[in-house]
Protein chains: 2
Amino acid sequence: MSASAENLANLTCPAPLATRDTVLLGHGSGGRLSGELVRNVFLPALGDPILGALEDQATFEIDGARLAFTTDSFVVKPLFFRGGDIGSLAVHGTINDLAVGGAEPLFLSAAFILEEGLPMETLRRVARSMGEAAAAASVRIVAADTKVVEKGSGDGLFINTTGIGRVRPGVKLSAANARPGDKVILSGYIGDHGIAILAEREGLQFDTPIGSDSAPLHTLTRAMLYTAGASIRAMRDPTRGGLASTLNEIAGRSKVTIEIEETAIPVREEVKGACEMLGLDPLHVANEGKLVAIVAAEAAEAIIEAMRRNPLGVDARVVGTVTGTGREMVLMRTAFGTTRIVDMLAGEQLPRIC
Amino acid sequence: MSASAENLANLTCPAPLATRDTVLLGHGSGGRLSGELVRNVFLPALGDPILGALEDQATFEIDGARLAFTTDSFVVKPLFFRGGDIGSLAVHGTINDLAVGGAEPLFLSAAFILEEGLPMETLRRVARSMGEAAAAASVRIVAADTKVVEKGSGDGLFINTTGIGRVRPGVKLSAANARPGDKVILSGYIGDHGIAILAEREGLQFDTPIGSDSAPLHTLTRAMLYTAGASIRAMRDPTRGGLASTLNEIAGRSKVTIEIEETAIPVREEVKGACEMLGLDPLHVANEGKLVAIVAAEAAEAIIEAMRRNPLGVDARVVGTVTGTGREMVLMRTAFGTTRIVDMLAGEQLPRIC
C-alpha cells in the first residue's frame, strides 16, 4: 500500500465531483489515489498500528519468532507476456515484498478467482509457472483456495499470493529511516515490466524486444544485508507507480528531500522510445524485479559491489542522495542541468500492470 | 480445498466433453469438481506435501513457533445480506479455518479487488465491517492490498483474507484421524447461511427471517480443546458443499464409514421448507458459523457440555458415529428408518455463496 499520497487538492487534474464517490482505476495505480484510498477508507476502518506503518510488509513476533507477512492480488492483463505470466509474477511479487523488508521468504498461499469458461489449459499453465517460480526461489506454496465467478463477473483469472518470511536478526528497515547524506541505490534498468505489458497489449514491436524484469529479489537482498545490514535504512521494490512513487513514499515517510540524477538512472533505449511515443515517464512505469535502497553513504560502495556479484544487481548504482529534511519531496537534476520536481503518479497510467 | 472428490466417472451427470476443458461454476462448489481441480491441476503443479495434506490450514514451524496459515477469497453475492456482509464473512471465514486446525487466530491480511465504479460508500461499509469483526474476535488486520479492474471485468468487490495463527501445544488434528467408534459432533443448526443468501438473491420471504450464521468459532474451539484436546481427532467448518461434503472429505481421508442420524441433525423449519421448495438438500447447503468434530466416544459428553456453555455451541449434539473402515462413505439413517448414501455435492448448487 502506498503511503504518502498528498491531499487530493494537489491533483493537477481533479476528477469531477460526481466520480469522487466511486472507485476509479486510479485507485489501483499505486500512486496518489491509492494513497488516498488507504488513508481515507482502509486505515480508519481497519485501524491497526502495524497496517498504519505502511511498509510493504507487516512484521511481528509469535512465540519469539520474528515474522514478516505481506499480501498482493494480481490482475495483470494479459495473463501471459514476454518474460513471465500472472503465475510467476504473483510468486515474485510476494517474495519481493518480504525480501525488501529484510525477511527470508518461506511460505506462500495462493488463492485463485476464476471466471467460468477459462480454458483449463490456461489454468494448468499458470499453476505450473507458479510451482516452478516457487521451486526456483526455494519457497513453498502451502495453502490454496479457488473460487469461480460467472462468465462476465471476472476476467479470466485473478491470483492472490500472501507470504510469510523470517526477518533476519538485527534487521530494522523502514521507509521512515532515510536521513540526510544517505545514498539512493537502484539495482538496475527501470520500466521494463510496464513496457513489456504495454507492448503485449498494444502489439508494439521493438528491434530488441523488451521482456518483463519479473524476478525474485531475495538472494540480492540477502547479499546486501549480509554485507552491510546495519547501514541499510530502507529497501523497496518500485512496482506500481514506478520509481517516482516509491521515492516519494520514502521522502514522505522520512520527511526528507531526495535528489536523483537523470543521467544516472538506467533506462533502455527501447523503453525510453516507447515512453516518449506514448507520453509516459519511465519514472512512473512499473518494475517487478528491481529494488531501490537508501543506505548510509559510507557503505554504498560495498553494498553496490555485493549487488553486482548477483545477476539481478549487475547494473546497480547510486542514483541519488538524501539532501535535507523538512521539505518532503523528490527532485531530479535533468540531463540538461535543470532541476524538476518528481511527483508521485497521479491518476492511472497503465491499469492492471500487476 | 476439498480433498476427497472421487473420480470424475462417479459423477451422476457428467458434463459434456467439450466443457471438461474449461472452468465451470461447479469447480468452485467445494464439492466433487473442486476436488478434481485440486487433484488434477493444483497438486501436480504446486506439489507441496503440506498442501497435499489437504487440511483447511497449513501448519509448520518457524524458529520453534508452531504456526497455522490459511487463505480464502470471498466472492459472495450480494455483498450485504441478513446476518452479515462480505467483510465480516471474510474475517470469520479465515478465523474459522485457523480455529478448526486447533490454532489461535492472530493476524490477518486483507486484499481487495475492486471494480471501477464501485460506490465508495459500499467499500467504506465493508471495510468498517471487517474492522469491527476483527476487533470483536481480537485478531489484527496487519497487511492489505488493493487492485482495481475496469468496469465489467469484476463484480463490485472481491476480498481475500489470509490468516496466521499459533497452534496450541499438543494439538494434532487431521481429517485423516477419524477411527471406528468415534462420535460426530455438530455445533448447531445447518443451512442458515446458504438459505439467507438465497433468500436475499431471490427475494424469498419467511415468517421468521433466516440470517446467516456467519460467526468466529475460535472461542468455541478453544473451549473444546481445553476440555479434551487429546480426544479430538478432527474439526472442520462445513462451508461450501455443506455438512455432506465435509463428512465425505473426512471419510475419504480417514478411509472410514461415517453414519449420521437424520433426526439428530438440527435444521430450522424455514430452512427445511426453503430446501424442499427449491430442491436442495440441507446437507449440501453452506454454513459459516458451524463446526463438525470427530471425537473419541468417551469424551463426547464432556466436549458437548463445554460447547453448550458457548453461545455458538448451545445446540451442539452428537449426530453420528464412525462405524467402520475400508468403505469410505457417509450413510444416513433417515427419519423413516431407511439408510441412504450421503454424497459429496456434485456440480454447483448455489454459486458465490462465500
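No experiment lies behind these values; they were computed from the predicted model shown.

1. Examining the overall build of chain A
Link 1 in the chain: Per the secondary structure count, chain A includes 9 helices and 14 strands.
Link 2 in the chain: For chain A, whose C-alpha radius of gyration is 19 Å, the value lies close to the compact-globule estimate of 20 Å for 354 residues.
Link 3 in the chain: When the backbone C-alpha atoms are referred to their principal axes, chain A occupies close to 55 × 50 × 50 Å.
Link 4 in the chain: Going through the 354 residues of chain A one by one, you find that 65% of them count as buried.

2. Structural notes on the relation of the copies chain A and chain B
Link 1 in the chain: Of the two same-sequence chains, chain A is brought onto chain B (RMSD 0.0 Å, axial shift 0.0 Å) by a rotation of 180°. Each copy turns onto its partner about a two-fold axis. Closest approach to the rotation axis within chain A is made by the C-alpha atom of Gly154 of chain A, at a distance of 2.1 Å.
Link 2 in the chain: Comparing interface residues between copies, 100% of those in chain A also lie at the interface in chain B; the contact surface is shared.

3. Some points on the packing of aromatic side chains
Link 1 in the chain: Applying the stated criterion across every chain yields a total of 7 aromatic pairs over all chains.
Link 2 in the chain: Between Phe42 of chain A and Phe112 of chain B, the ring centres sit 4.5 Å apart and the planes meet at 35°, which makes this aromatic pair tilted. With Phe42 of chain A in helix α1 (residues 32–46) and Phe112 of chain B in strand β5 (residues 103–115), this residue pair bridges two chains.
Link 3 in the chain: Taking relative accessible area as the criterion, Phe42 of chain A reaches 0% and is therefore assigned buried.
Link 4 in the chain: Here Phe112 of chain B falls in the buried class, since its relative accessible area comes to 0%.
Link 5 in the chain: Three or more aromatic residues joined by ring pairs form one cluster here, namely Phe60 and Phe69 of chain A together with Phe107 of chain B.
Link 6 in the chain: Above the ring of Phe74 of chain B, the side-chain terminus of Lys147 of chain A is found at 5.7 Å from the ring centroid.

4. Some thoughts on the side chain of Asp213 of chain B
Residues and elements named next belong to chain B.
Link 1 in the chain: Inspection of the secondary structure assignment puts Asp213 in the loop between α5 (192–202) and α6 (218–228).
Link 2 in the chain: Polar side-chain contacts of Asp213 include one of 2.9 Å to the backbone nitrogen of Glu288.
Link 3 in the chain: Contacts of Asp213, omitting those with residues within four sequence positions, involve Tyr189, Asp192, His193, Asn287, Glu288, Gly289 and Lys290.

5. As for the sheet that holds strand β11 (residues 292–295) of chain A
Residues and elements named next belong to chain A.
Link 1 in the chain: In spatial order, the strands read β9-β11-β8-β12-β10-β13-β14; together these 7 strands make up an open sheet with mixed pairing. With partners counted over all chains shown, the strands left at the sheet margins are β9 (232–236) and β14 (339–341), one partner each. Put simply, the sheet's adjacent strands are angled 25° from each other on average, direction ignored.
Link 2 in the chain: Helix-sheet contacts for helix α6 (residues 218–228) involve β9 and β11, and the interaxial angle to β9 is about 175°.

6. What about the confidence of the model for chain A?
Residues and elements named next belong to chain A.
Link 1 in the chain: Mean pLDDT for chain A: 93, with 94% of residues reaching 70 or above.
Link 2 in the chain: Per-residue pLDDT stays below 50 along residues 1–19; that stretch engages in 44 contacts with residues further than four places along the chain or on separate chains.
Link 3 in the chain: Reported confidences for the modelled complex are a pTM of 0.94 and an ipTM of 0.93.

7. Quick word on the sheet that holds strand β13 (residues 329–333) of chain B
Residue and element names in this part refer to chain B.
Link 1 in the chain: Across the sheet, 7 strands lie side by side as β9-β11-β8-β12-β10-β13-β14; this open sheet has mixed pairing. Of all strands in the sheet, those with a lone pairing partner are β9 (232–236) and β14 (339–341), marking the two edges. Between one strand axis and the next, the sheet turns through 25° on average, direction left out of account.
Link 2 in the chain: Packing of α6 onto the sheet brings it into contact with β9 and β11 (292–295), and relative to β9 it is tilted by some 175°.

8. Some remarks on the side chain of Asp48 of chain B
Link 1 in the chain: Mapped onto the elements, Asp48 of chain B comes out in the loop between α1 (32–46) and α2 (49–52).
Link 2 in the chain: With a relative accessible area of 9%, Asp48 of chain B lands in the buried category.
Link 3 in the chain: Side-chain polar atoms of Asp48 of chain B contact the side chain of Arg140 of chain A, separated by 2.7 Å.

9. Some remarks on unusual backbone geometry
Residues and elements named next belong to chain A.
Link 1 in the chain: Backbone torsion omega between Lys77 and Pro78 reads 5°, so that peptide bond is classified as cis.
Link 2 in the chain: Residue position: Pro78 is located in the loop between β2 (65–74) and β3 (80–81).
Link 3 in the chain: Of note in this structure, Ser138 is not a glycine but carries a positive phi near 55°.
Link 4 in the chain: Mapping Ser138 onto the fold places it in the loop between α4 (120–136) and β6 (140–149).
Link 5 in the chain: Here Ser138 falls in the exposed class, since its relative accessible area comes to 62%.
Link 6 in the chain: Positive phi outside glycine occurs at Lys255, with the angle close to 55°.
Link 7 in the chain: Looking at where Lys255 falls in the secondary structure, it is placed in the loop between α7 (242–254) and β10 (256–261).
Link 8 in the chain: According to the relative accessible area criterion, Lys255 is partly exposed, its value standing at 49%.

10. Description of the interface of chain A and chain B
Link 1 in the chain: Taken together, the 77 residues of chain A in the interface contact 77 residues of chain B.
Link 2 in the chain: Summed over both sides, the interface of chain A with chain B buries roughly 6,900 Å², with 69% coming from carbon and sulfur.
Link 3 in the chain: A per-residue breakdown of the area chain A buries against chain B is headed by Val23, Met120 and Lys147 of chain A, which together make up 10% of the total.
Link 4 in the chain: Linking chain A with chain B are 12 salt bridges.
Link 5 in the chain: Its salt-bridge partner being Asp145 of chain B, residue Arg240 of chain A comes within 3.1 Å of it at the nearest N-O pair.
Link 6 in the chain: At the surface where chain A touches chain B, the tally comes to 25 residue pairs in polar contact (both at pLDDT 80 or more).
Link 7 in the chain: Classifying every residue of the side of chain A that touches chain B gives 42 nonpolar, 16 polar and 19 charged.

11. With respect to the pattern of salt bridges
Link 1 in the chain: Throughout the structure, instances matching the rule amount to 50 salt bridges over all chains.
Link 2 in the chain: When the shortest N-O distance is used, the salt bridge between Arg166 of chain A and Asp63 of chain B registers 3.0 Å. With Arg166 of chain A in strand β7 (residues 157–167) and Asp63 of chain B in the loop between β1 (58–62) and β2 (65–74), this residue pair bridges two chains.
Link 3 in the chain: A residue is classified by how much of its surface remains accessible, and Arg166 of chain A, at 29% relative accessible area, is partly exposed.
Link 4 in the chain: Across the pair Glu121 of chain B and Arg124 of chain B runs a salt bridge, and its minimum N-O distance is 3.3 Å. Of this pair, Glu121 of chain B and Arg124 of chain B both sit in helix α4 (residues 120–136), 3 residues apart, roughly one helical turn.

12. Some remarks on the environment of Ile159 of chain B
Residue and element names in this part refer to chain B.
Link 1 in the chain: Its location among the elements puts Ile159 in strand β7 (residues 157–167).
Link 2 in the chain: As for Ile159 and Ala111, which are separated by 48 residues in sequence, their C-alpha atoms are 5.6 Å apart.
Link 3 in the chain: Once residues within four sequence positions are removed from consideration, Ile159 is found in contact with Asp72, Ser73, Phe74, Ile86, Gly87, Ala90, Ala111, Phe112, Val126 and Met130.

13. Notes on helix α9 (residues 300–308) of chain A
All names here are of chain A.
Link 1 in the chain: Buried residues of α9: Ala300, Ile303, Ile304, Ala306 and Met307, and no others. With its buried residues spanning 160° around the axis, α9 presents them on a single face.
Link 2 in the chain: Looking at the packing, one finds that the buried side of α9 touches β8 (183–186), α6, β9, β11 and β12 (317–325).

Analysis parameters
- Residues numbered from 1 in each chain as written.
- Chains lettered and ligands numbered in written order.
- Predicted model: local features only at pLDDT ≥ 70, side-chain atom pairs only at ≥ 80, totals over all residues.
- Heavy atoms only, no water.
- Helix = DSSP H or I, 4+ residues; strand = E, 2+ residues; numbered from the N terminus.
- Rg over C-alpha atoms; globule rule 2.2 N^0.38 Å.
- Buried < 20%, exposed > 50% of the residue type's maximum accessible area, 1.4 Å probe, protein only.
- Least-squares fit on C-alpha atoms with pLDDT ≥ 70 in both.
- Contact = heavy atoms within 4.5 Å.
- Phe/Tyr/Trp six-rings, centres within 6.5 Å; stacked < 30°, edge-to-face > 60°.
- Lys NZ or Arg CZ within 6 Å of the ring centre and 35° of its normal.
- Polar contact = N/O pair within 3.5 Å; in protein donor to acceptor, adjacent residues only side chain to side chain.
- Pairing = 2+ DSSP bridges.
- Axes fitted to C-alpha atoms, helices over the stretch in contact; angles between N-to-C directions.
- pLDDT = per-residue confidence, 0-100.
- Buried area = accessible area lost by both parts, 1.4 Å probe.
- Salt bridge = Lys/Arg side-chain N within 4 Å of Asp/Glu carboxyl O.
- Nonpolar A, V, L, I, M, F, W, Y, C, P; charged D, E, K, R; others polar.
- Arc of directions from axis to C-beta.

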